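# Summary of the model geometry
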Amino acid sequence: MILPWLILIPFIGGLICWRAERFGEAPTRLVALLSMSLVLGLSIWLWFTGDFQLAPAPGADQAWALEFRSSWIPRLGISFHLAMDGLSLLMIMLTGLLGILSVLCSWGEIQMRIGFFHLNLMWILGGVIGVFLAMDLFLFFFFWEMMLVPMFFLIALWGHSSSDGKKTRIYAATKFFIYTQASGLIMLVAILALVFANYHNTGVFTFDYSSLLKAKLAPELEYVLMLGFFIAFAVKLPIVPLHSWLPDAHAQAPTAGSVDLAGILLKTAAYGLLRFALPLFPNASAEFAPIAMTLGLIGIFYGAILSFAQTDIKRLVAYSSVSHMGFILIGIYAGSQLALQGVVIQMLAHGLSAAALFILCGQLYERLHTRDMREMGGIWARMPYLPALSLFFAAASLGLPGTGNFIGEFLILLGTFQAAPWITAIATSGLVFASVYSLIMIHRAYFGPPRAEHALAGPDARELTMVLGLAVLIIILGVYPQPVLDTTAASMHGVQQWLGAALSQLVMAR
Amino acid sequence: MEFTSQHFNALLPLLITSSTAILVMLAIAWKRSHTITFFLSVAGLNLALLSLIPAMQAAPLSVTSLIHVDSFAGFYMALTLVATLACVTLAHAYMEGFPGNREELYLLMLLSAAGGLVLVSTQHLAGLFIGLELLSVPVYGMVAYAFFNKHTLEAGIKYMVLSAVGSAFLLFGMALLYADSASLTFAGIGASLASATAQNTLAHLGIGMMLIGLAFKLSLVPFHLWTPDVYQGAPAPVTAFLVSASKVAVFAVLLRLYQMSPATAGGWLADLLSVLAVASILVGNLLALTQSNLKRLLGYSSIAHFGYLLVALIASKGMATEAIGVYLTTYIVSSLGAFGVITLMSTPYHGRDADALFEYRGLFWRRPYLTAVLTLMMLSLAGIPLTAGFIGKFYIITVGVQAQLWWLLGTLVLGSAIAVFYYLRVIVTLFMQEHTSLTHDAQHDWGQRAGGIMLLAIAGITFLLGVYPQPLLQLLQGTGLGN
């Protein structure tokens, strides 16, 4: 019963927040904080008590660390099926943590309609947790689409319009919604085609993950269906030709929105690839792997170069996410356990570091009321703590040893090298670009001649705690990633077996 | 033909609705009272709804050669009656402050509902025509009810002329079909078309012309030109009736006709319908993009929605009948909700309805629950999870995949993506900064009035169907043509 509660807590908490507004500002925020702490607490408790050796793997009957199933729409073979393995658990912990942070970082920023704001925030998080737990394809799609609406509201109602006034927050929100909605419908068609293909073979109409894993598909059909899933995930990840919603959405979103978007919404796509696209369509994925890796490579460089060219600090961080997601894509399709483990670490580390950078951008915005780096400069001298912390997270983002990002990228590159040495070699040089855009951000914003003389207020205790906490976590992840690796070892081993077997078959066939 | 109590039972919903209409007429002649008329109509409709239980026990049963009461007819009768009931309730809220005679609107609505009941249960071309005319002719009066308003009068005349043209096409088509097959029953026509080995131009022409006639009523592209003007001009509850009860009945008869007879006529009809579907989805959604009037926007969106429905009609096998039932139900619920909000915003009567989008600016900060209802309806129309519309859209896509109609599905996905844009525009408007000069607003106690309570119930149903659709699906699984 604990799994449905993980989803319900944010939803109920959100409703209470909405109504709690009449009692004032603090109760609303406290309710939100409390519900996310509950989610985080529950997931940590599960981490210590659960057995995460159990994870889906090819051939075997599906075993999960925790499972919940109840009948929902039997007419269509849809059940309310939730399950958790190590991968889901880590993602939910990340969601809980970033949920707390997004409540905290909006403490000062959001002053209008806070009840409705927290309703939306909580519902996004609830939807994301649902995505991480759903083991019924209908249910997965249900949550996948559901989290869009509150995110839309978050950007459209509490966002900032761009400094030149050309791109409004409503434009950004609508673009985000249409991109993800349209690609989602393509995935829905693919899901249904998969279900019908399975129905033709077995005579059972079901949306259940473990039954569909056994579906026998003709190679062409498998490839087309895989593409249907891939497009939906590619938009969300984002992969380069489909990424253009991301910088707009990030730049215009309020800080909490950016934190959620970069920290966890993007991870749902990587999770979807690992959980659904690869295991359901291993042969097609193996065939598609070189294309996916090339797309990842393009993403790394495209993201890095565009990031370098930005003047808006949040757009810079947003494009850097595109670049980092390129590494994740390469790692996912490399087909080695090492690379997949690297992907997990990279997902966590990027979640933490991108969240921290967006929080810092938000704090900067609250003080300067601009995101334009041309209007910054010289802040190092004018403000305590914040510039130094920014430097730390910029260093984390470029993959400095000692941070989790380094472990992630290193494992990905190491694991990919055997499968695709050239791609690895080129991707490695992308790290150089990462240092260029990270450092140019620090240089433009914090160094150089100051624009004004008066000192700016330093971060208060709340702001400092958030960012320092993230810094500590990133360092822990960087120096002792073993517990995390152990947790996901079984899950990643399963994924590796699916893709690895298909890849070796492909090699044999050639 | 022997007429037993079973036949009487099967016809009970229709009989009750018709006698309610007579009763309301007499009551108006005796004493003009808005409240009495309203209560009589509501009681009659509820009774008719209840009488579906004995009617369904008698089903399937043919009453004369015109009418066949089966579970399919029963479901659509229920849908028509519920929609009419909702429209009557909305009309009550709307007519409170109406300066002219208020009572006849209910009479017209009841008559039209009776037409709908005939239409959904007919198995004969004569029944089809009678039902369709009984359904549409009272609507002329309803559309032009606020005749002192220029737009309304224009809408009324436009609807009358174009509807008459549609009926003429339909009648001519029937005549051609009869000339060819020498039968007026759906099954007879189907048999004759199936047995004719040679391609018969006359029959095809007849079917084509009938399709044009029905497409007029369903406002499919390119026969949609009346829709936005009429939707805008008609009083809000009447527009609600037009999109819900009237369209459902016509679509139900189209489905029955298509399934029972010319479905065997070969691929050309499916091709023709595909063209109509693609055109309706694209044109409806694209034209909706530029609207700044909520009623017009919903009008164009309804064109697109019936384009989606055509996809299921074309598929016509597997779960298609069921999918159409689900989609029509969810569509009716969501559009009744949307027009309900417009109705409540437009009362008490101030000349024009509250249909300009800017009048809804910042509604959330004044009327949070009313806005929540409208938001839910917009999301439902867009097909977002947690709302009924999602289940409907899901079903249509399921049927499309099952029948492997990839091109139509592609259009559907594209159309939905376009549609999201204008639904979101409406939603964003609701939540924007407050507008200072107010011309229209809902009454303060809207939630305690009949219209408001009904609206909240509709919102509840929309949410419930989106979260737990199983009861509806189970109900529909058991309803089929002929049983």
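The structure presented is a predicted model; accordingly, all values stated were derived computationally and were not measured.

Cut-offs applied
- Residues numbered from 1 in each chain as written.
- Chains lettered and ligands numbered in written order.
- Predicted model: local features only at pLDDT ≥ 70, side-chain atom pairs only at ≥ 80, totals over all residues.
- Helix = DSSP H or I, 4+ residues; strand = E, 2+ residues; numbered from the N terminus.
- Rg over C-alpha atoms; globule rule 2.2 N^0.38 Å.
- Buried ≥ 20, exposed ≤ 12 C-beta atoms within 10 Å, placed from the backbone.
- Contact = placed C-beta atoms within 7 Å.
- Axes fitted to C-alpha atoms, helices over the stretch in contact; angles between N-to-C directions.
- Parallel < 35°, antiparallel > 145°, perpendicular 65-115°, else oblique.
- Left-handed = near helix turned anticlockwise from the far one by under 90°.
- Nonpolar A, V, L, I, M, F, W, Y, C, P; charged D, E, K, R; others polar.
- pLDDT = per-residue confidence, 0-100.
- Expected span 1.5 Å × (residues − 1).
- Domains from an automatic or database assignment.
- Pairing = 2+ DSSP bridges.

## A word on the overall build of chain B
Looking only at helices and strands, chain B has 19 helices and 2 strands in total. What you see for chain B is a C-alpha radius of gyration of 21 Å, in line with the 23 Å of a compact globule of 483 residues. Each of the three principal axes of chain B carries a C-alpha extent, and together these read 70 × 55 × 40 Å. Burial analysis of chain B (483 residues in total) assigns 62% to the buried set. Partitioning the intrachain contacts of chain B with sequence separation of at least 6 by distance along the chain shows that 80% fall at a separation of at least 24.

## Quick notes on the packing of helix 7 (residues 169-202) of chain A against helix 17 (residues 406-431) of chain B
At their nearest, the axes of helix 7 of chain A and helix 17 of chain B sit 9 Å apart, and the two run at 150° to each other. When the axis of helix 7 of chain A is compared with that of helix 17 of chain B, the two are roughly antiparallel. The handedness of the crossing between helix 7 of chain A and helix 17 of chain B is right-handed. Counting all contacts with helix 7 of chain A, which are made through A:Ile170, A:Thr174, A:Phe177, A:Ile178, A:Gln181, A:Ala182, A:Leu185, A:Ile186 and A:Val189, the residues of helix 17 of chain B involved are B:Leu409, B:Val413, B:Ser416, B:Ala417, B:Val420, B:Phe421, B:Leu424 and B:Val428. Among the residues forming the contact of helix 7 of chain A with helix 17 of chain B, the class breakdown is 14 nonpolar, 3 polar and no charged.

## Considering the confidence of the model for chain B
Residue and element names in this part refer to chain B. Considering every residue of chain B, the mean pLDDT works out to 88; 94% of them sit at 70 or more. No element of chain B has a lower mean pLDDT than helix 8 (residues 186-195), which averages 81, and none a higher one than helix 5 (residues 104-121), which averages 94. Scoring of the predicted complex yields 0.91 for pTM and 0.88 for ipTM.

## A look at the packing of helix 14 (residues 337-368) of chain A against helix 16 (residues 386-397) of chain A
Each pair of packed helices can be described by the angle between their axes along with the distance between the axes. Residues and elements named next belong to chain A. Interhelical geometry of helix 14 versus helix 16 gives an angle of 150° and a closest axis separation of 9 Å. Classified by the angle between their axes, helix 14 and helix 16 sit roughly antiparallel to one another. Here the hand of the crossing between helix 14 and helix 16 comes out left-handed. Residues Ser-353, Ala-356, Leu-357, Leu-360 and Gln-363 of helix 14 form the contact with helix 16, whose participating residues are Leu-386, Leu-389, Ser-390, Phe-393, Ala-396 and Ser-397.

## Quick notes on helix 12 (residues 267-289) of chain B
All names here are of chain B. Here helix 12 spans 33 Å end to end across 23 residues, near enough to the 33 Å set by a 1.5 Å rise per residue. Among the residues of helix 12, those classed as buried are Leu-273, Leu-276, Ala-277, Val-278, Ser-280, Ile-281, Gly-284, Asn-285, Leu-287 and Ala-288. Contacts from the buried residues of helix 12 go to helix 9 (201-218), helix 13 (294-315) and helix 17.

## Some thoughts on the domain arrangement of chain A
All names here are of chain A. Per the domain assignment, the segments of chain A are domain 1 (1-280) and domain 2 (281-510). Look at where the C-alpha atoms of domain 1 and domain 2 centre, and you get two points 21 Å apart. Listed by partner, the interface residues are 51 residues for domain 1 and 50 residues for domain 2. Looking at the side of domain 1 that touches domain 2, the elements that each hand over two or more residues are helix 3 (86-109), helix 9 (219-236), helix 10 (245-252) and helix 11 (255-280). Per-element accounting of the side of domain 1 that touches domain 2 gives the leading share, 15 residues, to helix 11. Here the side of domain 1 that touches domain 2 is composed, by residue class, of 38 nonpolar, 9 polar and 4 charged.

## Digging into the interface of chain A and chain B
Taken together, the 23 residues of chain A in the interface contact 22 residues of chain B. In terms of residue count, helix 7 of chain A provides more of the side of chain A that touches chain B than any other element does, 13 residues in total. For the side of chain A that touches chain B, the per-class residue count stands at 19 nonpolar, 2 polar and 2 charged.

## A few points about the pairing of strand 1 (residues 66-73) of chain A
All names here are of chain A. Note that strand 1 and strand 2 (residues 78-84) share 7 bridges and pair antiparallel. Bridge assignment links Phe-68 to a residue of strand 2, and that residue is Leu-82. The hairpin turn running from strand 1 into strand 2, its antiparallel successor, is 4 residues long, and Gly-77 in that turn takes a positive phi close to 65°.

## Quick notes on the environment of A:Ser161
Residues and elements named next belong to chain A. With respect to the helices and strands, Ser-161 occurs in the loop between helix 6 (148-158) and helix 7. As a C-alpha pair, Ser-161 and Ile-231 span 70 residues in sequence and 29 Å in three-dimensional space. Contact partners of Ser-161, with chain neighbours within four places excluded, come to Lys-167, Thr-168, Arg-169 and Gln-252.

## Thoughts on helix 3 of chain A
Its 24 residues give helix 3 of chain A an end-to-end C-alpha distance of 35 Å, which sits within 8% of 34 Å, the value for a rise of 1.5 Å per residue. Among the 24 residues that make up helix 3 of chain A, 21 are buried, leaving the element largely enclosed by the rest of the structure.

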